[in-house]
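Commentary on secondary and tertiary structure
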Protein chains: 2
Amino acid sequence: MSKPYVVGIDIGGTNTVFGIVDTRGTVLASSSIKTLKHSDFNDYVDELHTELTKLMADTGTTGQIHGIGIGAPNANFFTGMVEECANLPWPTPLPLARIVSDKFGIPVAITNDANAAAIGEMTYGAARGIKDFIMITLGTGVGSGIVINGQLVYGHDGFAGELGHVISKRTNGRLCGCGRTGCLETYCSATGVARTAREFLEIRNEPSLLRNIPIDEITSKDVYDAAMAGDAIAKEIFDYTGNILGEALADFTVFSAPEAFIIFGGLAKSGELLFRPMRNSMEKNMLSIWKGKVRILPSELKEADAAVLGASALGWEAK
Amino acid sequence: MSKPYVVGIDIGGTNTVFGIVDTRGTVLASSSIKTLKHSDFNDYVDELHTELTKLMADTGTTGQIHGIGIGAPNANFFTGMVEECANLPWPTPLPLARIVSDKFGIPVAITNDANAAAIGEMTYGAARGIKDFIMITLGTGVGSGIVINGQLVYGHDGFAGELGHVISKRTNGRLCGCGRTGCLETYCSATGVARTAREFLEIRNEPSLLRNIPIDEITSKDVYDAAMAGDAIAKEIFDYTGNILGEALADFTVFSAPEAFIIFGGLAKSGELLFRPMRNSMEKNMLSIWKGKVRILPSELKEADAAVLGASALGWEAK
């Protein structure tokens, strides 16, 4: 009988969360360690090994793990390497898959965090039964995982699906961390929403609850809270964000004609504040053959488990 | 032994070209009929049947045809239907695959013309051995066929790959035949080049060879001829076109990370006049991880055979 459990590991800039998952997507147990604690990657893997070995013993799954799936920034499914990455404390390129696999004696597959989320959504979440969809993650940046005909799109080099870096504004666009200007993620990430708030507050004179917060400390959560309290400028910030996102979704549709977009990440929790203008803008900008045909769905993965579940689903593919 | 020949049929607005092709991509014989001659589709299929039956007899391939592949505007691979189409004289939706298959007693597969070209290029042309590429066809419009991991992308409804309709200009964009404004094809098709010529000549005062032609009759071929004769405005028109196309190719790369773009169609014959600004713009606008990694290649299909070869390659998939 094949081994009935997988391990999912989500390596974030601050925490590394990991758990043991069964075939139905139940997280048997999970735990975490601090990503930044070890500047030597081998020390980090030692701690991960100690903690995961305990977790396996506690759950009676020792020797029963089919594979380990890892989601990490800039992780490449094809090469098993983490390429240059500003958010992790170790030298790159880093042969992540090989080192972890050697340490545990278990097959390892890795991919970037947005792709892991897409695999999780397809296996356990809102995209079950949907063969063509695009996962859009709205966090510090804008990430994406593209699924076509039931398969994740990796591209010829493993880096496909960087939809946060399509150009939304070709003139006077905002400077992006990638060095170019006008990228989608400079407008539609959590940080993009905070930037829009600062721009709106500086240009305009109307009163706003957001004026009670030092302008450089405003977060997307503050904008959400103000909008929920009825603040007009805060609502407009969501309209502006949703409008740009909807334009982008209409453009993505002419590429792969997905059945649905799945929206994931902190900003996705803004609900109709964001979804209404996003949906309206997508429909308004949509090529006629797709009007009314493409759904926008919120992620259905439980937030606490999402990262681990997504990574663990990849564990089934490890070999 | 399985049947060693296929038929390729390319249904264009003016002519329908068809031929018999072997496993190596040699066109044994080809012929054509006038698409517009019959307003009743059954009469059209009767003539097609008569002519193709002759062609099979002449080449000794009667009874040896594995399948028929058809490329036609707005033809849907999944449904076998041609959906609404302004360029064909018959009522739509038209069950093209079923009618042709019934008439010939041979399996038929259909797809749109750009997808057929992509399949042809993958099977016989510049994309042999390339598993991830995007075919861009520059003709009256801008079409595309997207291949990911060796498979053509049809999307959830069979209409994926309408890259001529991504929005290149979000403000003051040109009106497109699709009813929206700013679509890529309003700038980078043959008609787009002619529109650019008219705009440039109206706004500016410099002399130009193009001023010898009535402004409403200028074609992309005229612009090409003038540029080759050293005309400065004509060269600028190609720079402008290539620049917009390169911006679009950089955006397409973040989606599927193709190894190459294959450029096909009338305008592709402009060579370096178009390819140089297109390549420069793509590199300038490219996200850094792909700089210098994505090739732009001209189609390698012989022009006279391209449409038939592309459609015929689909014939191997017919069942």
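Scoring rules and cut-offs
Residues numbered from 1 in each chain as written. Chains lettered and ligands numbered in written order. Predicted model: local features only at pLDDT ≥ 70, side-chain atom pairs only at ≥ 80, totals over all residues. Heavy atoms only, no water. Helix = DSSP H or I, 4+ residues; strand = E, 2+ residues; numbered from the N terminus. Rg over C-alpha atoms; globule rule 2.2 N^0.38 Å. Buried < 20%, exposed > 50% of the residue type's maximum accessible area, 1.4 Å probe, protein only. Contact = heavy atoms within 4.5 Å. Lys, Arg positive; Asp, Glu negative; His and termini not counted. Charge placed at Lys NZ, Arg CZ, Asp CG, Glu CD. Least-squares fit on C-alpha atoms with pLDDT ≥ 70 in both. Buried area = accessible area lost by both parts, 1.4 Å probe. Salt bridge = Lys/Arg side-chain N within 4 Å of Asp/Glu carboxyl O. Polar contact = N/O pair within 3.5 Å; in protein donor to acceptor, adjacent residues only side chain to side chain. Nonpolar A, V, L, I, M, F, W, Y, C, P; charged D, E, K, R; others polar. Pairing = 2+ DSSP bridges. Axes fitted to C-alpha atoms, helices over the stretch in contact; angles between N-to-C directions. pLDDT = per-residue confidence, 0-100.

Remarks on the overall build of chain A
A tally of helices and strands in chain A yields nine helices and ten strands. Scaling as 2.2 N^0.38, a compact globule of 319 residues should have a C-alpha radius of gyration of about 20 Å, and chain A matches this with 20 Å. The principal-axis extent of the C-alpha atoms belonging to chain A is close to 60 × 45 × 35 Å. Taking all 319 residues of chain A together, 57% fall into the buried category. By sequence separation, contacts in chain A at least 24 residues apart represent 61% of the contacts at least 6 residues apart. Separation of charge centres in chain A, based on 28 positive and 36 negative side chains, amounts to 5 Å.

Let's talk about the relation of the copies chain B and chain A
Between the two copies, chain B and chain A, the superposition gives an RMSD of 0.1 Å; the rotation angle is 180 degrees and the shift along the axis is 0.0 Å. The transformation just described matches what one would write down for a two-fold rotation axis. Take the interface residues of chain B: 100% of them recur as interface residues in chain A, which is what a same-surface contact looks like.

Topic: the interface of chain B and chain A
Taken together, the contact between chain B and chain A spans 37 residues of the former and 37 residues of the latter. Summing the contributions of chain B and of chain A, the shared interface buries around 3,300 Å²; its carbon and sulfur component is 59%. Three residues, His156, Arg170 and Phe255 of chain B, lead the burial of chain B against chain A; their summed loss comes to 24% of the area buried on that side. At the junction of chain B and chain A, the tally comes to six salt bridges. On inspection of chain B and its partner chain A, the count reaches 22 residue pairs in polar contact (both at pLDDT 80 or more). With six residues, the single largest contributor to the side of chain B that touches chain A is helix H7 (residues 232–256) of chain B. Residue composition of the side of chain B that touches chain A, grouped by class: 20 nonpolar, eight polar and nine charged.

Things to note about the pattern of salt bridges
Throughout the structure, instances matching the rule amount to 30 salt bridges over all chains. Put simply, aspartate 46 of chain B and lysine 103 of chain B hold a salt bridge, and the shortest N to O gap is 2.6 Å. Note that aspartate 46 of chain B is positioned in helix H1 (residues 41–59) and lysine 103 of chain B in helix H2 (residues 96–104), a separation of 57 residues in sequence. Looking at lysine 103 of chain B, the relative accessible area reads 36%, which means it is partly exposed. Three or more residues joined by partner-sharing salt bridges are found here, namely Arg170 of chain A together with Glu247 and Asp251 of chain B.

Some thoughts on the sheet that holds strand S1 (residues 5–11) of chain A
All names here are of chain A. Read from one edge of the open sheet, five strands run S3-S2-S1-S4-S5, paired in mixed fashion. The open sheet has two edge strands, strand S3 (27–34) and strand S5 (108–111), and neither has a second partner. Going from strand to strand, the sheet's axes swing by 15 degrees on average, the running direction of each strand aside. Where strand S2 (residues 15–22) and S3 come together, seven bridges link them in antiparallel fashion.

A closer look at the pairing of strand S4 (residues 65–71) of chain B
Residues and elements named next belong to chain B. The buried count for S4 comes to six of seven residues, which makes it a mostly enclosed element. Bridge count for strand S1 (residues 5–11) against S4 is six bridges, and the pairing is parallel. Counterpart to aspartate 10 in the pairing with S4 is glycine 71. Pairing between S4 and strand S5 (residues 108–111): four bridges, direction parallel. From the neighbouring strand, glycine 69 faces S5, where its bridge partner is alanine 109.

Re the confidence of the model for chain A
For chain A, the mean per-residue pLDDT works out to 94, and 99% of the residues sit at or above 70. This complex was scored by the predictor with a pTM of 0.93 and an ipTM of 0.92.

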